[in-house]
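Examination of the molecular architecture
Each chain, written out:
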Amino acid sequence: MALTPDDVVTKQFQHVRFKEGFDPDEVDDFLDEIVVEWRKTIAENEELKAKLAAYESGEAAPAAAEAPVEAPKAEEPVVETPAPAPVASASSNDLEPAAQSAGIIELAQRLHDEHVAEGKAQRDQLIGEAQAQAASIVAEAEQKGREERARLEKERTTLEGRITELRNFERDYRSQLRSYIEGQLRDLDTTATSSGSTPVSAIGL
């Protein structure tokens, strides 16, 4: 199916996900210019085709027939109208608009391909930057996690040392308190014995 100017006008491009490539307004303006020139070329092409068809059907024959009448006197009538030349000229004029149309189509296709390629490149760049940023965030979080674990481990060691000190203090305190109480009891027994009173142990103390 041949591409028409309406196809260029109604063509819809998908927007890239992360960031736009070319300015859509500039692309639309340029495509509008392409459509105007394309339609002008198609109109000229149709006009040339009509002229060529009219010439081939014989409508231009009277103009060609007048040429021998206006020619100088000669023994033999010489038809000086070069029939192949107009055909060749018309053919070349017919092919020129077609070539222009093909060039415009190629230009539009190249512009579209560049737009898509730039969009893909920007997409890949954004994905790469996002992956690098994610890797950096993960590495930073892991580093902070290691530092926090080391800090907690240090605090746990400090607390365990403090608990050990308190237990030793409690054990020493109990031992000293027991020795002190036992010493006081012995002193009481000794004092009671020397005074002749009933020993403290006898009354259940």
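Residues numbered from 1 in each chain as written. Predicted model: local features only at pLDDT ≥ 70, side-chain atom pairs only at ≥ 80, totals over all residues. Heavy atoms only, no water.

Summing up its helical and strand segments, the protein chain has four helices and zero strands in all. Scanning the protein chain from its N terminus toward the C terminus, one meets helices and strands in the order α-α-α-α. Among the 205 residues that make up the protein chain, the fraction classed as buried is 11%. Taking as baseline every contact in the protein chain between residues at least 6 positions apart, the subset at least 24 positions apart corresponds to 78%. For the protein chain, the exposed surface amounts to about 16,400 Å²; the carbon and sulfur share of it is 56%. (Helix = DSSP H or I, 4+ residues; strand = E, 2+ residues; numbered from the N terminus. Buried < 20%, exposed > 50% of the residue type's maximum accessible area, 1.4 Å probe, protein only. Contact = heavy atoms within 4.5 Å. Areas by Shrake-Rupley, 256 points an atom, 1.4 Å probe, with all protein chains shown as cover.)

Our next topic: a nonpolar patch on the surface. Nonpolar side chains collect at one region of the surface, where Phe-169, Tyr-173, Leu-177, Tyr-180, Ile-181, Leu-185 and Leu-188 lie side by side and expose about 720 Å² of accessible area between them. With respect to the helices, strands and loops of the structure, Leu-185 is situated in helix H4 (residues 84-195). (Patch = residues over 30% accessible without salt bridge, like charges linked within 9 Å, V, L, I, M, F, W, Y side chains within 5 Å. Salt bridge = Lys/Arg side-chain N within 4 Å of Asp/Glu carboxyl O.)

Below, the discussion takes up the nonpolar core. Core analysis: the biggest nonpolar cluster contains eight residues, these being Val-8, Val-27, Leu-31, Ile-34, Val-35, Trp-38, Ile-104 and Ala-108. Those elements that provide at least two residues to this core are helix H2 (24-57) and H4. Filtering out sequence-adjacent residues up to four positions away, Ile-34 remains in contact with Ile-104 and Ala-108. (Core = buried A, V, L, I, M, F, W, Y, C linked by side-chain atoms within 4.5 Å.)

Turning to the pattern of salt bridges, a few remarks are in order. Once the charged atoms of two side chains with opposite charge are near each other, the side chains can pair. Inspection of the entire model under this criterion finds ten salt bridges. Put simply, Arg-156 and Glu-153 hold a salt bridge, and the shortest N to O gap is 2.4 Å. Here the residue Arg-156 and the residue Glu-153 both occupy positions in helix H4, the gap between them amounting to three residues, near one helical turn.

Turning next to the packing of aromatic side chains. Within the structure shown, the criterion is met by one aromatic pair. Seen from their ring centres, Phe-169 and Tyr-173 are 6.2 Å apart, and the 20° between their planes marks the pair as stacked. On the criterion of helical spacing, the pair formed by Phe-169 and Tyr-173 is a turn pair, its members being four residues apart in helix H4. (Phe/Tyr/Trp six-rings, centres within 6.5 Å; stacked < 30°, edge-to-face > 60°.)

Residues Asp-23, Asp-25, Glu-26, Asp-28, Asp-29, Asp-32 and Glu-33 make up a contiguous surface patch of negative charge. Following the sequence through the fold, Asp-25 ends up in helix H2. (Lys, Arg positive; Asp, Glu negative; His and termini not counted. Charge placed at Lys NZ, Arg CZ, Asp CG, Glu CD.)

Across its 34 residues, H2 extends 48 Å between first and last C-alpha, which sits within 8% of the 50 Å expected from 1.5 Å per residue. Within H2, the full set of buried residues consists of Val-27, Leu-31, Ile-34, Val-35, Trp-38, Thr-41, Asn-45 and Leu-52. Directly after H2, the chain includes Gly-58, whose backbone phi takes a positive value near 100°. (Expected span 1.5 Å × (residues − 1).)

Our focus in this paragraph is the confidence of the model for the protein chain. For the protein chain, the average pLDDT comes to 75, and 68% of its residues sit at 70 or higher. Averaged pLDDT values over the elements of the protein chain bottom out at 45 in helix H3 (residues 61-70) and peak at 84 in H2. Under a pLDDT of 50 for its full length, residues 60-91 has, in the predicted model, ten contacts with residues more than four places off or in other chains. (pLDDT = per-residue confidence, 0-100.)

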